[in-house]
Amino acid sequence: MFEIFLKYLTDKIELSSQEIHLIESVCKQKKLRKKQFLCQEGEVWHYNAFICRGLVKTFSIAENGTEHIINFAPENYWTGDRESLINGTPSRLNIDAIEPTELILIEKADFEKLCSEIPQLNQMINQIIQKSFIVSQGRILANISFTAEEKYQNFLEKYPNIVNRIPQHMIASYIGITPETLTRLRRNMVKK
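Residues numbered from 1 in each chain as written. Predicted model: local features only at pLDDT ≥ 70, side-chain atom pairs only at ≥ 80, totals over all residues. Heavy atoms only, no water.

K.L.:
Would you mind showing me how to read the overall build of the protein chain here?
P.N.:
Scanning the protein chain from terminus to terminus reveals 8 helices and 6 strands. Across the protein chain, helices and strands are ordered from the amino to the carboxyl terminus as α-α-β-β-β-β-β-α-β-α-α-α-α-α. A compact globule built from 192 residues should have a C-alpha radius of gyration of about 16 Å, and the protein chain, at 18 Å, falls within 12% of that. Reported as C-alpha extents along the three principal axes, the dimensions of the protein chain are approximately 55 × 35 × 30 Å. In the protein chain, buried positions account for 42% of the 192 residues. Accessible area of the protein chain: about 11200 Å², with a carbon and sulfur share of 51%. (Helix = DSSP H or I, 4+ residues; strand = E, 2+ residues; numbered from the N terminus. Rg over C-alpha atoms; globule rule 2.2 N^0.38 Å. Buried < 20%, exposed > 50% of the residue type's maximum accessible area, 1.4 Å probe, protein only. Areas by Shrake-Rupley, 256 points an atom, 1.4 Å probe, with all protein chains shown as cover.)

In structure tokens, the structure reads:
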């Protein structure tokens, strides 16, 4: 599993053998079964998590039991609850596996040490956080200004590699429409 993470890193930045050893020394490998939680609401999240294989979703559950999906993370994505990680507060989110998943976990203090000792890693992480912020802004804008059809089309364009791995009701939750509306949209798209 570490080899997958190392390939991801070395595709983006140059690392010395000493830096690789340092990174490997703080990585914990974890496997999740389908529907197994990585983090549950109420727990304090302590890790930076990298998906090597599989797919997870980050979501909250409303008082009426409705699931609101905030994020999907497939291979080569980072996941976790940044609010809980940074503030040390109980998570308001859940993260669980949509399919069997293998990931690398790095504890907060170890990750901060890596970023301070490996400047190019720190720079890479800052770029990822900036891109993540831009994606979040785009998602908010889409949710408040797009029609249901535009939201679905936007999802298909942004996530073509995972759309067939995610159940339709989860896609509906992510884009903020009902599963029935999504079924109707898909039916109309086939007719066109």
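There is more to say, and it comes next.
K.L.:
How do you make sense of the environment of Gln40 when you look at a structure like this?
P.N.:
Relative to the assigned elements, Gln40 resides in the loop between β2 (37–39) and β3 (47–61). With 56 residues separating them in the primary sequence, Gln40 and Asp96 have C-alpha atoms 8.3 Å apart. Other than its neighbours up to four places away in sequence, Gln40 contacts Ser91, Leu93 and Asn94. (Contact = heavy atoms within 4.5 Å.)

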